[in-house]
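What follows is the residue order along each chain.
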Amino acid sequence: RRGVVLHCKMAAWLRRCSLLGSCGGVAGRTVTKRCLLSAAYLDSTKWDQRKKDPQSLAELAAQMDMTYEKKLPVSSLTVSRFVDNISTREEIDQAEYYLYKFRHSPNCWYLRDWTIHSWIRQCLKYNARDKALHTLRNKVQYGIFLDNFTANILMDSFIKEDDYSNALVVANELMLQETFDENCTQLLCLYVLHKYLHSKPELKWEDERNLGASLFLLGLKQNNTVGLSSRLLGLAFLGKIEVYKGIRAVYTKMPLIWTPGYLNRALNVMEDMKKSSDGTKLCKEAVDTMATILETAALETSESTVTEESEETKQEDELTEEDHNERSNLASYLNKFKDLYVELEALGKFEAETLLTQTDKLVKENLAASEADEILNYEKKLEKWEEERAGLIQREKELREKARQEKEARLAARAAN
């Protein structure tokens, strides 16, 4: 009977879940290619060697359902046990349901980092990366915020299948979290971004904004040809959005400053390159993309003043005075760009190889060296997680013993009366 009730709850949950949107077409793919991360980085032995805490999922589900029905909070340890004990693809759906329930409970802030890590590993193990991406995209609904190591193994699983669209989802979510902290993550994300752009996808303005923000923020972390070129390209994309959509469209719900002038900041990257003497260059591909953006924007914004009213011209009414000022600067930006282009070319500051080729070289030269420290940090984090988990289990035992003693005392008091 319990199983029937749980099945019904799952079915109802999945119908509601579809309203949030789901990632399709991922789980069934089986074509495998090379990974970027090493076998040592992807090795799950240390994780699998953790002290086991075997549990019945049916009993855990019954316990959580009863607790929620009584309007009481479920502990983070219970949710962690449920995720850790997943053993089938079907149970992934059940765990998703309880992650959602926990996120919307009073204890939502206490979802443990190791539970998130375990959730991603279970999704990878049982071919449910669509669920991993769904919960990541809807992080507010599920509380799934990835650390760099967890994000890397998820991204790499898409990279090895040349699935750069879904790898890009992970990179964009890291951008929104502002967690480009580790060098391995930076290199993987740059590789994914430039692989994706190399495929010449059709981009909506929101896509260009996300790509621009990711490229810009990653470019700030890497002081080399790939980093500076990515920074330039990212600022050019963001500047394009600013010109056409206004500065609010750039920074709303994004980890970006709201001060106008993104195209001018891109020009400053070129200005700094002119003064640099460390051997770095700007990829000509990125510079040419900026040239196209500037020339097209200058032409189209000047023509919009004489064209008949359209959706685009209607949108101009929503632009602020600062936005119109930025448009008026396009001519001077274009002139400054042309001057800098000539100077940089004369100084030999342009890299003829594509950004993808340069990124591929950067990854091959630096990824392996970066892995060692991150593997060590991960192992230390595992030890810390185990200490925290042991502390929670001990605390749970103490509370249960205290509750048992209080119950016995109440019973004894009643018997005495």
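Residues numbered from 1 in each chain as written. Predicted model: local features only at pLDDT ≥ 70, side-chain atom pairs only at ≥ 80, totals over all residues. Heavy atoms only, no water.

Our focus in this paragraph is the overall build of the protein. On a plain count of helices and strands, the protein comes out with 21 helices and two strands. Within the protein, the fraction of its 417 residues that count as buried is 50%. By element, 50% of the accessible surface of the protein is carried by carbon and sulfur atoms, the whole surface being about 21,100 Å². (Helix = DSSP H or I, 4+ residues; strand = E, 2+ residues; numbered from the N terminus. Buried < 20%, exposed > 50% of the residue type's maximum accessible area, 1.4 Å probe, protein only. Areas by Shrake-Rupley, 256 points an atom, 1.4 Å probe, with all protein chains shown as cover.)

For the rest of this paragraph, the subject is the nonpolar core. Of all hydrophobic cores here, the largest spans 114 residues; its most connected members are W119 and M270. When neighbours within four sequence positions are excluded, M270 is seen to be in contact with L232, L282, V287, M290, F337, L340, Y341 and L344. (Core = buried A, V, L, I, M, F, W, Y, C linked by side-chain atoms within 4.5 Å. Contact = heavy atoms within 4.5 Å.)

Here we take up the confidence of the model for the protein. Low-confidence regions, as indicated by low pLDDT, have predicted coordinates that should not be scrutinised in detail. Here the protein shows a mean pLDDT of 86. Residues at 70 or above account for 88%. In this model, residues 1-32 is a region of pLDDT below 50 whose contacts with residues beyond four sequence positions or in other chains number 48 contacts. Low pLDDT (under 50) marks residues 305-314, which in the prediction has four contacts with non-local residues, meaning those over four places away or in another chain. (pLDDT = per-residue confidence, 0-100.)

A word on the packing of helix α5 (residues 76-84) against helix α21 (residues 355-416). α21 packs onto α5 with a crossing angle of 120° between their chain directions and a minimal axis gap of 10 Å. If you check the angle between α5 and α21, you find them oblique. Crossing of α5 over α21 shows left-handed handedness. Taking contact as the criterion, the partners of S76, L77, R81 and D84 in α5 are, on α21, R389, L392, I393 and E396. When its residues are assigned to classes, the contact of α5 with α21 shows three nonpolar, one polar and four charged. (Axes fitted to C-alpha atoms, helices over the stretch in contact; angles between N-to-C directions. Parallel < 35°, antiparallel > 145°, perpendicular 65-115°, else oblique. Left-handed = near helix turned anticlockwise from the far one by under 90°. Nonpolar A, V, L, I, M, F, W, Y, C, P; charged D, E, K, R; others polar.)

Quick look at helix α14 (residues 225-245) now. Under the 1.5 Å per step criterion, the end-to-end length of α14 is 30 Å for 21 residues, consistent within 8% with the ideal 30 Å. By the criterion of burial, α14 is predominantly enclosed, with 18 of the 21 residues buried. Positive phi shows up at G246, right after α14, with a value of about 95°. (Expected span 1.5 Å × (residues − 1).)

Looking now at the packing of aromatic side chains. Two numbers describe a pair of aromatic rings. These are the distance of the centres and the angle of the planes. In this structure the tally under the stated criterion is 10 aromatic pairs. Judged by centre distance (5.2 Å) and plane angle (55°), the ring pair of F82 and Y98 falls under tilted. Of this pair, F82 sits in helix α5 while Y98 sits in helix α6 (residues 89-103), and the two are 16 residues apart along the sequence. Grouping residues by exposure puts F82 and Y98 together as buried. Pairing Y97 with Y98 gives two aromatic rings, centres 4.7 Å apart and planes at 75°, and the pair type is edge-to-face. Y98 shares its class with Y97; the two are buried. An aromatic cluster is present here, built from Y41, F149 and Y378 joined pairwise through their rings. Looking at R265, its charged tip hangs above the ring of Y262, at a distance of 4.5 Å from the centre. (Phe/Tyr/Trp six-rings, centres within 6.5 Å; stacked < 30°, edge-to-face > 60°. Lys NZ or Arg CZ within 6 Å of the ring centre and 35° of its normal.)

So, about the pattern of salt bridges. Per the counting criterion, the structure on display carries 18 salt bridges. The closest approach of N and O atoms between D84 and R50, which form a salt bridge, is 3.7 Å. Here R50 lies in the loop between α3 (45-48) and α4 (57-69) and D84 lies in helix α5, a separation of 34 residues in the sequence. One network of salt bridges, with partners in common, ties together R89, D93, E96, D130 and K131. (Salt bridge = Lys/Arg side-chain N within 4 Å of Asp/Glu carboxyl O.)

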